Amino acid sequence: MSVTGEFLAAARAGSPVWMCTVRAAYGALPPTESWVLQARVLPTAGEAAAYDLRLPLARGLADDEPEFATEYVLGSLFNILSTIGGRRIDFVADGDVEFAQELTAAFDTKFGIALARKDRHGYARCINVIERMLDAQTGSPGERFAWTLTAGPVAAARPAAPVIEGSGIAEACAAALRELDQRCILGIDVGGTNVRAVLSRNGITTAYKEFDWFPAAYTRMHQLTTALIAIVRLLRLAAIRQSVRGQEGLLGERLDGALTTASMPLEAILDLVEEGEGATAGVDFAFDAIGMCFPDVVVDDQIVGGEVYKTRGIRGNPEVDYEAEFAHLTALKDDLAAYVTHDGAVGIVNDGPMAAFTAAVELSLHAPEDIADGVFAHTLGTELGTGWVTKAGKIPDLPLEVYNCVIDLGSHPERGFHRDDVRSVLNFNSRIPGTLQKYTSQQGAFRLAAKYFPTERPELFAQLRADGLFACGADDWTIPPQQRKPLLEKLMHLAAGGHDAVAERIFEDQGEFLAAAWHETDWILHPATTRRVVFGKSDCFPQLVAGAARLAPELELVVANSDLAYSPLMCQLRDDPRYRVSTFAQAIGAIHYANLCLERRSGT
């Protein structure tokens, strides 16, 4: 049996078939049995990159094996474009030109190169993100992605490398901490099930707010932006009460309740905010800066991706023009600017880069040598966030939508379920099987619980169903939105306490999935650092480490918990018994990032 045949047999039997494993096996094929398709990518930002895909000769593939090889190529190209973007790809075929023509024709069709944005699905969603990035970067909408194919020898492969000038990461971290004791800054961490905000006044964290939401259910963009602005308005009232003479009793215990009740409905928050703003109409108060991390592609403080799960309901609403709706989210920076001083700053980045920046600032105060080569981080939440701060202290303008990357070409039985079924490995947005969204994220933990518990822990699974944490119909199994957080907490409690070996296995598997992600990012970006800082699921970190060692023993994982608290603001969070570092660390990082934006604006 050929190597491709072995992979197919494993996939059909239900085993995962890692992209990195296929790449290594194909890469080891002798030249007499293989050829190279090189993809030379001109990214949306940074230098050109070149990737070699060694493949078996078409004449050596039988039955369904060409389809598997094609899926491997399309998945590899999707991972590259989802990670670094690209204005164009120039393909070079060094051998088997006829197969190369078939593969690039499949690329053209599957990636919807000639289609309008509204008609693109599956792999083609990454082209939508790329073109929106180009719109934002060039200021002249309309540039289209392109590709070419030529035959001939290939040049040396080289991973993507953003332009790095000098080594300024230490200076950037120092600037992020400067003069915080003289400023009032709001930091906001936007997630898929929670929004978390922290207020810093004169270097002291004076208010925290957690807000439960499920934006994927929204059908209009104003629902999403109104909720975020409501949190800003609420924290502005908290700042007024703390800093303006005569406002010490503003809204009394009702404001306290709004700040401490995560489940408080948006309508109730808006009513309270409007009352408070009416009572303080004569007060002139604005934040010095607002920092926000948002789970989508961000370029120059503008949210430009538009293909994430959080906007799924709006994207699927047939009664709206999605591009027009999405423009309101892109303009969120301007909405936030209304709440900062005229010389203030608004800084918005993706949640992944914010995690990397947060870790960099903290490590700069404890182990500066650990950030000399930059910081690479992941957030394990509703999605997998990925961020990179280079050794120059810069956040590259790359999509870094690693949560979209294909890591598994196997697990074929689980492809048979609908994408919304908790057992499915199909991506919620693209329907592509085997992407990290259904592996390392919150949904990945739920999928593994649905896979293991019915047969290995039937009594526990029956109890979870009785408690309403799983809704299991005849044709589909789902997790009610309001039960996602309780279910994750239950699974983590079982695993962290050592009470349940099957629950531990769930997070060990997720560690292995993280290692698969590491292999993809190392192949595509090859960052100088091999370390990955992990935010989220800190209670199950030992299991993540054990699982990661199966596939990437050289990978070093660093947990972002109370041990990563070194800045004054993070230490205050660590020492507050009401909150956890792992919960609000990103919001603290957003404060530091906003302060860096303020420092850079002032030129200091």
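Use the structure listed above.
Below or above, wherever it landed, is the structure these notes cover. (Residues numbered from 1 in each chain as written. Predicted model: local features only at pLDDT ≥ 70, side-chain atom pairs only at ≥ 80, totals over all residues. Heavy atoms only, no water.)

### Quick word on the overall build of the protein
Secondary structure assignment for the protein yields 20 helices and 17 strands. Rg of the C-alpha trace for the protein: 24 Å, near the compact-globule value of 25 Å for 604 residues, within the 12% margin. Projected onto its principal axes, the C-alpha coordinates of the protein cover approximately 85 × 60 × 50 Å. When burial is assessed residue by residue, the protein has 61% of its 604 residues classed as buried. Here the contacts in the protein between residues at least 6 apart in sequence split such that 71% fall between residues at least 24 apart. With the model as given, the accessible surface of the protein reaches about 22300 Å², and the carbon-plus-sulfur share is 50%. Across the protein, the 54 positively charged side chains and the 79 negatively charged ones have centroids separated by 1 Å. (Helix = DSSP H or I, 4+ residues; strand = E, 2+ residues; numbered from the N terminus. Rg over C-alpha atoms; globule rule 2.2 N^0.38 Å. Buried < 20%, exposed > 50% of the residue type's maximum accessible area, 1.4 Å probe, protein only. Contact = heavy atoms within 4.5 Å. Areas by Shrake-Rupley, 256 points an atom, 1.4 Å probe, with all protein chains shown as cover. Lys, Arg positive; Asp, Glu negative; His and termini not counted. Charge placed at Lys NZ, Arg CZ, Asp CG, Glu CD.)

### Comments concerning helix α1 (residues 3-12)
Taken residue by residue, α1 has T4, G5, F7, L8 and A11 as its buried positions. Down the axis of α1, the sector holding all buried residues measures 160°, keeping them to one side. Residues of α1 that are buried in the fold lie against α2 (19-27), β2 (49-56) and α3 (65-84). One or two residues past the end of α1 sits G14, with phi positive at roughly 100°. (Arc of directions from axis to C-beta.)

### Focus: the sheet that holds strand β7 (residues 204-212)
In spatial order, the strands read β7-β6-β5-β8-β11; together these 5 strands make up an open sheet with mixed pairing. Only two strands of the sheet have a single partner each, and these edge strands are β7 and β11 (340-350). Across this sheet, the average inter-strand angle for adjacent strands is 15°, counted without regard to direction. In this sheet, strand β8 (residues 287-294) lies alongside strand β5 (residues 184-190) in parallel orientation, the contact comprising 5 bridges. (Pairing = 2+ DSSP bridges. Axes fitted to C-alpha atoms, helices over the stretch in contact; angles between N-to-C directions.)

### Brief notes about the state of the cysteines
The full count for this structure, using the stated rule, is 0 disulfides. Between C20, a free cysteine, and C405, which holds the nearest cysteine sulfur, the sulfur-to-sulfur gap is 12 Å. With no disulfide of its own, C126 lies 10.0 Å from the sulfur of C405, the closest cysteine sulfur. (Disulfide = S-S within 2.5 Å.)

### Here we look at the pattern of salt bridges
According to the stated counting rule, one finds 38 salt bridges in the structure shown. For R23, the salt bridge goes to E520, with nearest N and O atoms at 3.0 Å. With R23 in helix α2 and E520 in helix α17 (residues 501-524), the pair connects residues that are 497 residues apart, well separated along the chain. Summarising the burial analysis for this pair, R23 and E520 share the class buried. Between E275 and R254 there is a salt bridge, with the nearest N and O atoms lying 2.7 Å from each other. Of this pair, E275 sits in helix α9 (residues 266-279) while R254 sits in helix α8 (residues 252-260), and the two are 21 residues apart along the sequence. Of the residues examined, E275 reaches a relative accessible area of 40% and is grouped as partly exposed. In the salt-bridge network here, residues are joined through shared partners; they are R117, R120, R125, E131, R132, D135, E307, R315 and E323. (Salt bridge = Lys/Arg side-chain N within 4 Å of Asp/Glu carboxyl O.)

### A closer look at the pairing of β8
Most of β8 is tucked away, with 7 of its 8 residues classed as buried. Where β8 and β11 come together, 7 bridges link them in parallel fashion. Counterpart to I290 in the pairing with β11 is V346.

### A short note on the side chain of E401
Secondary-structure assignment places E401 in the loop between β13 (384-389) and α14 (442-456). A distance of 3.1 Å separates a polar atom in the side chain of E401 from a polar atom in the side chain of Y403. If sequence neighbours within four positions are ignored, E401 has contacts with S82, T83, V129, D296, V297 and V308. (Polar contact = N/O pair within 3.5 Å; in protein donor to acceptor, adjacent residues only side chain to side chain.)

### Remarks on the packing of helix α7 (residues 221-243) against α9
Look at α7 against α9: their axes get within 10 Å of each other, and the N-to-C directions meet at 45°. When the axes of α7 and α9 are compared, the pair comes out oblique. The hand of the α7/α9 crossing is left-handed. Here T226, A227, A230, R233, L234, R236 and L237 of α7 lie close against α9, whose contacting residues are L266, I269, L270, L272, V273, E274, G276 and E277. Grouping the constituent residues of the contact of α7 with α9 by class yields 9 nonpolar, 2 polar and 4 charged. (Parallel < 35°, antiparallel > 145°, perpendicular 65-115°, else oblique. Left-handed = near helix turned anticlockwise from the far one by under 90°. Nonpolar A, V, L, I, M, F, W, Y, C, P; charged D, E, K, R; others polar.)

### So, the pairing of β2
Most of β2 is tucked away: 6 of the 8 residues are buried. Inspection of the sheet shows strand β1 (residues 34-42) paired to β2 by 8 bridges, in the antiparallel sense. Bridge assignment links V41 to a residue of β2, and that residue is A49.

### Considering α17
An ideal rise of 1.5 Å per residue puts 34 Å on 24 residues; α17 measures up with 35 Å between its terminal C-alpha atoms. Measuring from the backbone nitrogen of V502 back to the side-chain oxygen at the start of α17 gives 3.0 Å, which picks out D500 as the cap. In the segment just after α17, H526 is the residue with positive phi, at about 45°. (Expected span 1.5 Å × (residues − 1).)

### What about unusual backbone geometry?
Of note, D96 is a non-glycine position whose phi angle comes to about 45°, a positive value. You can see D96 is positioned in the loop between β3 (88-94) and α4 (97-110). In the Ramachandran plot, K537 falls in the positive-phi region, its phi being about 55° despite a non-glycine side chain. Mapping K537 onto the fold places it in the loop between β16 (531-535) and α18 (541-551).

### Side note on the sheet that holds β16
Here we have 4 strands laid out as an open sheet, ordered β13-β12-β16-β17, and mixed in their pairing. The strands lining the two open edges of the sheet, one partner per strand, are β13 and β17 (556-559). Between one strand and the next, the sheet's axes are offset by a mean angle of 25°, whatever the strand orientation. Both strand β12 (residues 375-380) and β13 contribute to a ladder of 6 bridges, which runs antiparallel. Residue T379 lies in a different strand from β13, and its bridge partner there is G385.

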